[in-house]
Amino acid sequence: IGDSEWLVTNANLFVTLSFQCGKELSSVEIFLNEAEERAKKWKTTTGFHNTRPLYQAILNLMGKANHPTLLEGEAISFTKEMTNERGRENVQLISRLQLYQIRVAYMFGDL
């Protein structure tokens, strides 16, 4: 694994832990944007896609989504991703989609 792949891995871990520890959401969003730009520059965007469910959850919690209880918006579409992932066995992405979908629904009282 080269440096660019570790960037994606570490960015994913950092934003997940930052979110879990209650770091200010706007600073996590800024970090995600910067990390994604670097991932694009280094052509390692495939692994970065796994951060999309968390990114959309953050956008939802910041009021930047049309439907705060659904992971549907600028970063990712829960419905489209679940449809696309059927049969691909990307367990990490599917579990993140389900985790953050349940989480935002719970946080906005939609469970």
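What you are looking at is a predicted structure, and each value in this text was computed from that prediction instead of being measured.

A. Region of interest: the pattern of salt bridges. Throughout the structure, instances matching the rule amount to three salt bridges. With a shortest N-O distance of 3.0 Å, K64 and E29 are connected by a salt bridge. One end of the pair, K64, is in the loop between α4 (52–61) and α5 (78–85); the other, E29, is in helix α2 (residues 25–41), with 35 residues separating them in the sequence. For K64, a relative accessible area of 43% corresponds to the partly exposed category. With its nearest N and O atoms 3.9 Å apart, the salt bridge here joins K40 to E37. Residue K40 and its partner E37 are located together in helix α2, separated by three residues, close to a single helical turn.

B. Just a nonpolar patch on the surface, in detail. On the surface, a nonpolar cluster with roughly 600 Å² of combined accessible area is contributed by I102, Y106, M107, F108 and L111. Using a relative accessible area of 70% as the deciding quantity, one classes L111 as exposed.

C. Spatial organisation of the confidence of the model for the protein chain. Mean pLDDT over the protein chain: 86, with 95% of residues reaching 70 or higher. Ranking the elements of the protein chain by mean pLDDT puts helix α3 (residues 45–48) last with 70 and α4 first with 93.

D. Seen up close, the environment of T83. Positionally, T83 belongs in helix α5. At 2.9 Å, the side chain of T83 and the backbone oxygen of T79 are in polar contact.

E. Focus on the nonpolar core. The biggest cluster of nonpolar side chains holds 18 residues, and the ones touching the most others in it are L32, F48, L54, I58 and Y100. Listed by contribution, the elements that provide at least two residues to this core are α1 (3–20), α2, α4 and α6 (91–107). In terms of residue count, the dominant contributor to this core is α4 (five residues). Excluding anything up to four places from it in sequence, L54 contacts V15, T16, F19 and Y100.

F. View of the packing of aromatic side chains. Enumeration according to the criterion identifies two aromatic pairs in this entry. Both rings, one in F14 and one in F31, keep their centres 4.6 Å apart while their planes meet at 55°; by these two values the pair is tilted. Of this pair, F14 sits in helix α1 while F31 sits in helix α2, and the two are 17 residues apart along the sequence. Residue F14 is classed as partly exposed on the basis of its relative accessible area of 37%. Aromatic side chains F19 and Y100 sit 5.9 Å apart centroid to centroid with 75° between the ring planes, which places their arrangement in the edge-to-face category. Here Y100 lies in helix α6 and F19 lies in helix α1, a separation of 81 residues in the sequence. For Y100, a relative accessible area of 2% puts it in the buried group.

Procedures and definitions
Residues numbered from 1 in each chain as written. Predicted model: local features only at pLDDT ≥ 70, side-chain atom pairs only at ≥ 80, totals over all residues. Heavy atoms only, no water. Salt bridge = Lys/Arg side-chain N within 4 Å of Asp/Glu carboxyl O. Helix = DSSP H or I, 4+ residues; strand = E, 2+ residues; numbered from the N terminus. Buried < 20%, exposed > 50% of the residue type's maximum accessible area, 1.4 Å probe, protein only. Patch = residues over 30% accessible without salt bridge, like charges linked within 9 Å, V, L, I, M, F, W, Y side chains within 5 Å. Areas by Shrake-Rupley, 256 points an atom, 1.4 Å probe, with all protein chains shown as cover. pLDDT = per-residue confidence, 0-100. Polar contact = N/O pair within 3.5 Å; in protein donor to acceptor, adjacent residues only side chain to side chain. Core = buried A, V, L, I, M, F, W, Y, C linked by side-chain atoms within 4.5 Å. Contact = heavy atoms within 4.5 Å. Phe/Tyr/Trp six-rings, centres within 6.5 Å; stacked < 30°, edge-to-face > 60°.

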